[in-house]
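# Residue-level structural notes
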Amino acid sequence: MSGQFRENVQDILAVLPSTDDYFLLRWLRARSFDLKKSEAMLQKHMKFRKQQDLDNILAWQPSEVVRLYEPSGFCGHDREGSPVWYHIIRGLDLKGLLLSVSKQELLRFNFWSLELLLRDCEQQSQKLGKKVEKISTVFDFEGLSLRHLWKPGVELVQEFFSALEANYPEILKNLIVVKGNWKQELLKFISPDQLPVEFGGTMTDPDGNPKCLTKINYGGDVPQHYFLRNHVRVQYDHQATVGRGSSLQVDNEILFPGCVLRWQFGSDGGDIGFGVFLKTKMGERQRAAEMTEVLASQRYNAHMVPEDGSLTCTEAGIYVLRFDNTYSLIHPKHISYTVEVLLPDQTSLEKIENSRQASRLPHPPLWPLGPQ
């Protein structure tokens with residue numbers, strides 16, 4: 001069946017992050033080997049990869065506050081050689097983080113972490129001479145309290161797990177929740193030399209620290225000087241109200257491929273949905289479903305942290321910035337925004353042409369697994 005699936009997705013093989021059977025089987029298993037559903041899931045993932053720029057995400061670096069206060073990390077490997085991803089819930093200050101950076105950066109941090117973990121799986125496959133494709137995850141829920149159940153934070157966690165299921169299927173092997181008799185249980189999955197002393201093993205940092213702080217961040221309360229809402233004062237060009245259950249469309253005509261569309265916005269009264277679409281018919285208003293989705297619509301906490309972004313337009317046309325409040329049947333949202341169009345430079349034109357050429361290249365050769 002994997003051979004038939006490979007045949008069905010022949011048009012995107014060249015741009016897949018991997019073309020081996022292990023990778024393709026993940027999508028088949030996620031949809032109970034239904035070929036059509038598996039193909040649709042993989043095609044949707046490829047749009048997600050492009051939107052999130054996952055092919056280049058390992059070169060990305062999170063902001064200082066995320067590096068210091070996002071309580072997670074990878075440390076050691078389980079007894080089968082899979083990397084172990086730790087989440088220290090007791091040190092999670094989601095409210096402080098969401099007042100300091102956008103929800104999208106926190107999501108991107110987790111996608112960045114997942115791509116690092118998958119790269120480690122590849123390295124382990126080479127080192128051990130067997131396929132390592134899954135991750136063990138440890139959630140330390142000690143100290144969980146009502147502050148962790150703050151609504152925007154809970155919604156962020158739900159959004160991440162939804163993206164995880166849709167775009168990283170079948171990669172979680174063990175999900176271990178730390179509670180009760182946890183130290184003995186962890187040792188069933190992870191040998192002592194691969195487990196920090198803090199979690200019942202023998203591993204320490206080079207300086208002897210039992211928490212392995214060079215690998216695991218334990219978080220803590222985010223200092224208020226990081227809070228952007230208190231410090232950023234953006235001067236916006238436009239203001240508007242998006243009524244309850246409605247949306248606002250802002251049209252921008254792009255005359256040349258390679259132009260950069262850039263925006264900033266903030267909201268009052270709650271979060272706001274935002275996405276970018278390309279019209280398929282000129283001179284008339286179109287619903288979102290009738291246009292080509294260029295940047296997937298998401299809900300942004302722009303009432304807490306001002307949002308900004310940009311998009312390189314690969315073709316001319318009418319690009320629509322759509323502010324979405326259709327999900328709120330009670331509260332209107334007041335938004336302030338600025339939009340500008342930057343003309344293309346030679347570098348961006350070359351990048352567009354190179355990406356077009358790359359999409360027409362044959363798929364790369366398969367590299368053998370095991371020691372080289």
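Everything that follows concerns the structure shown earlier in this document.
Residues numbered from 1 in each chain as written. Predicted model: local features only at pLDDT ≥ 70, side-chain atom pairs only at ≥ 80, totals over all residues. Heavy atoms only, no water.

## Considerations on unusual backbone geometry
Peptide bonds are, in most cases, trans, and in most cases residues other than glycine have a negative phi. Backbone geometry places Ser32, a non-glycine residue, at a positive phi of 50°. Assignment of secondary structure puts Ser32 in the loop between α2 (21-30) and α3 (35-52). Classification of Ser32 as exposed rests on a relative accessible area of 65%. (Helix = DSSP H or I, 4+ residues; strand = E, 2+ residues; numbered from the N terminus. Buried < 20%, exposed > 50% of the residue type's maximum accessible area, 1.4 Å probe, protein only.)

## Observations regarding the sheet that holds strand β7 (residues 260-268)
Here we have 4 strands laid out as an open sheet, ordered β5-β12-β7-β10, and antiparallel in their pairing. With one partner strand each, in any of the chains shown, β5 (238-242) and β10 (307-312) form the two edges of the open sheet. On average, each strand axis in the sheet is inclined to that of its neighbour by 25°, with strand direction left out of account. When β7 meets β10, the two strands line up antiparallel, connected through 6 bridges. Within β10, the position partnered with Gln264 by the bridge is Asp308. (Pairing = 2+ DSSP bridges. Axes fitted to C-alpha atoms, helices over the stretch in contact; angles between N-to-C directions.)

## Some points on the state of the cysteines
One pass over the full model with this rule turns up 0 disulfides. Cys75 carries a free sulfur, and the closest cysteine sulfur to it, the one in Cys212, is 4.3 Å from it. Owing to a relative accessible area of 0%, Cys212 belongs among the buried residues under this scheme. (Disulfide = S-S within 2.5 Å.)

## Re the sheet that holds strand β9 (residues 292-300)
The strand order β6-β11-β8-β9 describes an open sheet built from 4 strands, whose pairing is antiparallel. Each edge of the open sheet carries a strand with a single partner, namely β6 (247-254) and β9. Strand-to-strand twist in this sheet, taken as the mean axis angle between neighbours without regard to direction, amounts to 15°.

## Focus: the side chain of Ser102
Tracing the sequence through the fold places Ser102 in the loop between α5 (94-98) and α6 (103-128). The class for Ser102 is buried, based on a relative accessible area of 16%. Apart from residues lying up to four places away in sequence, Ser102 is in contact with Val305 and Glu307. (Contact = heavy atoms within 4.5 Å.)

## Topic: the packing of α2 against α3
It is the contact of α2 with α3, at a shortest axis distance of 8 Å, that shows an interaxial angle of 120°. In terms of orientation, α2 and α3 fall into the oblique class. The interaxial crossing formed by α2 with α3 has right-handed handedness. Across from Phe23, Leu24, Trp27, Leu28 and Ala30 in α2, the residues of α3 making contact are Leu35, Ser38, Met41, Leu42 and His45. For the contact of α2 with α3, the residue count by class is 8 nonpolar, 2 polar and no charged. (Parallel < 35°, antiparallel > 145°, perpendicular 65-115°, else oblique. Left-handed = near helix turned anticlockwise from the far one by under 90°. Nonpolar A, V, L, I, M, F, W, Y, C, P; charged D, E, K, R; others polar.)

## A short note on the pattern of salt bridges
Side-chain pairing between opposite charges can occur once the charged atoms of the two side chains come close. Taken as a whole, this structure holds 18 salt bridges when the rule is applied. With its nearest N and O atoms 3.6 Å apart, the salt bridge here joins Arg49 to Glu115. Taken together, the residues span a long stretch of sequence, with Arg49 in helix α3 and Glu115 in helix α6 at a distance of 66 residues. A salt bridge links Glu290 to Arg287, with the nearest nitrogen and oxygen atoms 3.5 Å apart. For Glu290, a relative accessible area of 37% puts it in the partly exposed group. On the basis of relative accessible area, Arg287 is assigned to the exposed category, the value being 59%. Within this structure, Arg49, Asp55 and Glu115 form a network of salt bridges that share partners. (Salt bridge = Lys/Arg side-chain N within 4 Å of Asp/Glu carboxyl O.)

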